[in-house]
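Observations on the model geometry
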Amino acid sequence: MQPAAADDEWMRQALVCARDSDSDDIPVGALVVRDGEVVARAANTRAGGMDPTAHAEIVALRAAGAALGTWRLTDCDLVVTLEPCPMCAGAAVAARVRRIVFGAWNDQYGACGSLFDIPRDRRLHHRPEVVGGVRADDAGRMVRDFLADRR
């Protein structure tokens, strides 16, 4: 499978995870992928767990570290439906992920090119590749629909 086709398939799976987010939380799904296999998957669980750090990316990175027995995820890709915030982009850099692949851009909190660009900050030791906009319409629609239902 070509990288773009693989990214599209991983994002499709992340979108399925996003549907499992807490009903009171923005629907975001994340996968950690290594060697063509999903190592971990997660959805936002901030509301249900009353944990402000329980973003899908953080939950998935923690699960991947536990599954692989290491915090260094150097041969892993983080696939997430919404552009990571500063906390999640920082966690991905700290975990040394190889790539960050995301769906919809996040103009309010995005830290992979929109508002900030943490993964490409030359002052940091590790700079993962960033691929944005994969299935952006589907991912963005999910977030917009969630927000419209609450306004």
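Structure: above.
Anyway, here's the lowdown on the structure attached to this text. (Residues numbered from 1 in each chain as written. Predicted model: local features only at pLDDT ≥ 70, side-chain atom pairs only at ≥ 80, totals over all residues. Heavy atoms only, no water.)

So, the pairing of strand β1 (residues 29–34)
Of all six residues in β1, five are buried; the element is thus mostly enclosed. Hairpin connection between β1 and strand β2 (residues 37–43): a loop of two residues separates the two successive antiparallel strands, and Asp 35 in this loop has a positive phi of roughly 50°. (Buried < 20%, exposed > 50% of the residue type's maximum accessible area, 1.4 Å probe, protein only. Helix = DSSP H or I, 4+ residues; strand = E, 2+ residues; numbered from the N terminus. Pairing = 2+ DSSP bridges.)

What about helix α3 (residues 56–68)?
In an α-helix, one full turn covers 3.6 residues, which means residues spaced three or four apart are oriented alike. Here α3 contains 13 residues, and its C-alpha end-to-end distance of 18 Å stays within 8% of the 18 Å for a straight helix at 1.5 Å per residue. Taken together, the buried positions of α3 are Ala 56, Glu 57, Ile 58, Ala 60, Leu 61, Ala 64 and Gly 65. Looking at the packing, one finds that the buried side of α3 touches β1, β2, β3 (76–82) and α4 (86–94). The positive-phi residue at the C-terminal boundary of α3 is Gly 69, with phi of around 75°. (Expected span 1.5 Å × (residues − 1). Contact = heavy atoms within 4.5 Å.)

Focus on the layout of surface pockets
If you add up the space inside the largest pocket, you get close to 420 Å³. If you go around the largest pocket, you meet 19 residues; those closest to its centre are Ile 26, Leu 82, Asn 106, Gln 108 and Tyr 109. Taken together, the residues of the lining of the largest pocket break down into ten nonpolar, four polar and five charged. (1 Å grid on protein atoms, 1.4 Å probe; cavity = no way out; pocket = protein on both sides within 12 Å on 5 of 7 lines; lining within 4 Å. Points joined across faces, edges and corners; volume = space filled by probe spheres on them. Nonpolar A, V, L, I, M, F, W, Y, C, P; charged D, E, K, R; others polar.)

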